[in-house]
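# Report on the structure
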Amino acid sequence: MSFMTKLHRAWDRNNSLVCVGLDPDLDKLPECVRHEPKPIFAFNRALIDATRDLVCCYKPQIAYYAAFGAEDELAMTIDYLSQTCPDIPVILDAKRGDIGSTAAMYAREAFVRYGADAVTVNPYMGTDNLKSFLDYSERGVVILCRTSNPSSAELQELVAGDRQIYQYVAEYAATRWNYNHNVMLVVGATFPEELGRIRQQCPEIPFLVPGIGAQGGDVAKVLENGQTADGKGLVINSSRGIIYAGKGPDFAAAARRAATALRDEINRHRREATR
Ligand code: OMP
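Residues numbered from 1 in each chain as written. Predicted model: local features only at pLDDT ≥ 70, side-chain atom pairs only at ≥ 80, totals over all residues. Heavy atoms only, no water.

## What about the nonpolar core?
Stated formally: As used in this record, nonpolar core signifies buried Ala, Val, Leu, Ile, Met, Phe, Trp, Tyr and Cys residues forming a set joined through side-chain atoms within 4.5 Å. Whether a residue is buried, partly exposed or exposed follows from its accessible area with a 1.4 Å probe, protein chains only, as a fraction of its type maximum: under 20%, in between, or over 50%, in that order. Helix numbers and strand numbers start at the N terminus; a helix is a DSSP run of H or I with at least 4 residues, a strand a run of E with at least 2. Contacts: residue pairs with any heavy atoms within 4.5 Å of one another.
With 88 residues, the main nonpolar core has Leu185, Phe207 and Val235 as its most contacted residues. Per element, the largest residue contribution to this core is seven residues, and it comes from helix H3 (residues 39–51). With sequence-adjacent residues up to four places away left out, Val235 is seen in contact with Leu7, Trp11, Leu17, Cys19, Cys56, Cys57, Ile91, Met184, Phe207, Leu208 and Val209.

## Some details on the pairing of strand S3 (residues 91–96)
Quick reminder of the rule: Here, a strand pair is defined by DSSP locating no fewer than two bridges between the strands. Looking down the strands as they point away from you, a crossover is right-handed if its path from the first strand over the helix to the second goes clockwise.
Summarising burial for S3: five of the six residues are buried, a large majority. Looking at chain direction, S3 and strand S4 (residues 118–121) are connected through three bridges and run parallel. Each residue of the ladder has a partner; that of Ile91, found in S4, is Ala118. With helix H6 (residues 100–113) bridging S3 and its parallel neighbour S4, the resulting β-α-β unit is right-handed.

## Notes on the packing of helix H10 (residues 192–201) against helix H11 (residues 219–226)
Convention followed: Axes here mean lines fitted to C-alpha atoms, for a helix over just the part in contact, with angles spanning 0 to 180 degrees between N-to-C directions. An angle counts as roughly parallel when it lies under 35 degrees, as roughly antiparallel when it exceeds 145, as roughly perpendicular when it falls between 65 and 115, and as oblique in every other case. Helix crossings fall into two classes, left-handed where the near helix is turned counterclockwise from the far one by less than a right angle and right-handed where it is turned clockwise. When residues are sorted by character, Ala, Val, Leu, Ile, Met, Phe, Trp, Tyr, Cys and Pro go into the nonpolar class, Asp, Glu, Lys and Arg into the charged class, and all the rest, Gly among them, into the polar class.
Contact geometry of H10 with H11 gives a least axis separation of 8 Å together with a crossing angle of 20°. As judged from the angle between their axes, H10 and H11 are roughly parallel. With respect to the hand of their crossing, H10 and H11 are arranged in right-handed fashion. Of H11, the residues touching H10 (which contributes Pro192, Leu195, Gly196 and Arg199) are Lys221, Val222, Asn225 and Gly226. Among the residues forming the contact of H10 with H11, the class breakdown is three nonpolar, three polar and two charged.

## As for the sheet that holds S4
One key point about sheets: their strands pair by backbone hydrogen bonds, in either a parallel or an antiparallel sense. An order of S2-S1-S10-S9-S8-S5-S4-S3 is seen for the eight strands of this open sheet, with the pairing classed as parallel. Both outer strands of the open sheet, strand S2 (57–60) and S3, are each paired with one neighbouring strand and no more. Strand-to-strand twist of the sheet, defined as the mean angle between neighbouring strand axes without regard to direction, takes the value 30°. As defined by bridge partners, S4 adjoins strand S5 (residues 140–146) across four bridges and the pair is classed as parallel. Following the sheet pairing, Val121 is matched in S5 by Ile143.

Structure follows, in structure tokens:
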């Protein structure tokens, strides 16, 4: 099943636009998992068991594994997801990009080594870089467009010709890069007006929206500006706001409460959502 089909089904099955970001900082893990032989995996497994009926995606960020030499626990996490909830797509957040021959290795890493359904990529190097990912027609390619961080306007809002750089990214995503219909865009919750502009340019492309929770994005504004005509089109990520909702032995139950609250808050603002 293609990434896009899987995503559409997950939105419907769980009636949820929530993505849980699996960004486990080894130094912040609850005491109760720290002494496990594979603490990151133990933490993730508990979070997955507690939330898999509440989400439309999981998004592990590779830096949290690579920084601790824990790529094996990333692989174990993705394997566990494919065994326990094969219907929920996994977006590997790696923000890759390079010359074509190297990008081909990054694509292989994401899609073959880890078996991710989708990967985040940086479009700065242009089409030959992106092609290495886009040619995996059954996998999703999640292209940075208007990112959530404070300095993102520095380059992304520069005007070239009659538009800003991020608007070109949105235009190319809807046209020349979407030849396999497997493109998503990253648009931060912290810039809701830009989110609305990009939605006008790309009425149907799904957006990965980070910046809710710890970064302070506003759910109501994200929905108002970003949802598609059918009340979907968004994969709204929260990492720290969910995975660190509790610090004690009940951390997974606390994560479940936080994910439920976010799902319900999002659904209150959706068109045609079943609440
Ligand atoms: P929290 O702020 O803890 O919810 O984490 C946000 C997650 O989304 C992290 O994994 C970031 O690396 C990622 N992210 C952003 O925060 N901003 C962006 O513009 C893009 C991403 C991303 O591509 O996921």
